[in-house]
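The primary structure of each chain is shown beneath.
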Amino acid sequence: SASEQIQILLDALSVKKDINLIFTGVNADPGSGDIARAIHQFVQSNSNAKYYPSLGQSLYLSTLLYCDGVVGNSSSGILEVPALKKATINIGNRQLGREMAESVINCELESSAIAKSIDKIYSKNFKEVLSEVSNPYGSGGASSKIFGEIKKSDLSNLVIKRFHDL
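Per chain, the residues get numbers from 1 upward, laid out in the order the sequence is written. Only residues with pLDDT of at least 70 are given local features in this predicted model, and only at 80 or more are side-chain atom pairs given and counted; all residues enter the totals for whole chains, interfaces and linings. Side-chain descriptors were evaluated using all non-hydrogen atoms of the structure, hydrogens and water having been removed beforehand.

Student: Provide a residue-level description of the environment of Y52, including the pertinent values.
Tutor: Numbering of helices and strands runs from the N terminus; a helix is a DSSP stretch of H or I covering at least four residues, while a strand is a stretch of E covering at least two. When you line up the elements, Y52 lands in strand β2 (residues 49-52). With residues up to four places along the chain from it excluded, the contact list for Y52 reads I22, F23, T24 and G25. Note on contacts: a residue pair qualifies if any of its non-hydrogen atoms lie within 4.5 Å across the two residues.

In C-alpha cells:
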C-alpha cells in the first residue's frame, strides 16, 4: 500500500539527521492522502525536514540548484535533475524502461537500500560522475531550435488543407 511504501522511505530518511530534507506535494494518485499524512507527521517530528505543498516550476528548479539530490519515483528525477548535474535516487520500478543519465541511482523500495543510495551520492566517486554527467534528454532549447528551422524554411509552397462540411 502507499502508506507502507512511504513509511519505508521515511524510515531510511529518519536516520539521516545531518541532511536537510525538503518534501514537495504529492500527485493526486491513489493513496496520495496517506502519503501526505505520513510526510506531515515526519516533518513535525524531524527539525531537518520541511514540506511545501507546491513550489511551482521556477521555484522547484531553483531549489534543485541548492540540493544534493532528489529521492523518489518522480519523472522529474529522470528528466530535469540530470541537466543540473544533481543526483537522483529513483526508488522502485515506476520509471523502469526510461533512458536514464549516470546521475540516476536505481534502488529497491527497501530502507537500507535507500539509505545506502543516499550515502553513495556523497561519495567522492559519485561526485566525479556528477561533474561529467550529460542528460540523455538533451540540454534544452528545443522549441527555439525548432522555431529557428521553421523561420529558415520556405513555406510558400505549403498546400492548404480544405475541409468540407457534409
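Student: Provide a residue-level description of the sheet that holds strand β3 (residues 69-72), including the pertinent values.
Tutor: Only strands that DSSP links by at least two bridges are regarded as paired with each other. Read from one edge of the open sheet, three strands run β3-β4-β5, paired in parallel fashion. The sheet is open, and its two borders are formed by β3 and β5 (104-107), each paired with just one other strand. Put simply, the sheet's adjacent strands are angled 15° from each other on average, direction ignored. Two elements, strand β4 (residues 87-91) and β5, share four bridges in a ladder whose sense is parallel. Considered in β5, the bridge of I89 is made with I105. Each axis is a line fitted through C-alpha atoms, and for a helix only the stretch in contact is used; angles between axes span 0 to 180 degrees, taken between their N-to-C directions. With respect to the sheet, helix α5 (residues 111-121) is in contact with β3, β4 and β5, its orientation differing from that of β5 by roughly 165°.

Student: Could you give an account of the packing of aromatic side chains, naming the residues involved and the relevant values?
Tutor: Under the pairing criterion, centres of Phe, Tyr and Trp rings, with the six-membered ring standing for Trp, must be within 6.5 Å; the plane angle then separates stacked pairs below 30 degrees from edge-to-face pairs above 60, leaving the rest tilted. According to the stated counting rule, one finds one aromatic pair in the structure shown. Plain terms: the ring middles of F23 and F42 are 5.7 Å apart, the flat faces sit at 70° to each other, and that makes the pair edge-to-face. Of the two residues, F23 is situated in strand β1 (residues 21-24) and F42 in helix α2 (residues 32-45); the sequence distance between them amounts to 19 residues. Neither F23 nor F42 differs from the other in exposure class; each is buried. Between buried and exposed lies partly exposed: a residue is buried under 20% and exposed over 50% of the maximum accessible area for its type, with that area taken using a 1.4 Å probe on protein chains only.

Student: Quick one: what's the story with the nonpolar core, residue by residue and with numbers?
Tutor: Remark: nonpolar core denotes a set of buried residues (Ala, Val, Leu, Ile, Met, Phe, Trp, Tyr, Cys) joined through side-chain atoms within 4.5 Å. The biggest cluster of nonpolar side chains holds 24 residues, and the ones touching the most others in it are L10, L13, L21, F23, F42 and I114. Residue assignment for this core shows that the elements contributing at least two residues are α1 (2-14), β1, α2, β2, β4, β5, α5 and α6 (124-132). If you tally residues by element for this core, the top one is α1, at five residues. With near-sequence residues (within four places) excluded, L21 lies in contact with L13, F42, N48, A49 and K50.

Student: Which residues make up α2, and what values do they have?
Tutor: Residue count minus one, scaled by 1.5 Å, sets the expected span of a helix. Given a rise of 1.5 Å per residue, 14 residues ought to cover 20 Å, and the 20 Å separating the end C-alpha atoms of α2 matches this to within 8%. Inspection of α2 places S32, A36, A38, I39, F42 and V43 among the buried residues, and these make up the whole buried set. The buried residues of α2 occupy one face: seen down the axis, they fall within an arc of 165°. Turned more than 90 degrees off the buried face of α2, the exposed positions are R37, Q41, Q44 and S45. Buried residues in α2 make contact with α1, β1 and β2. The directions considered for the arc are those from the helix axis to the C-beta atoms.

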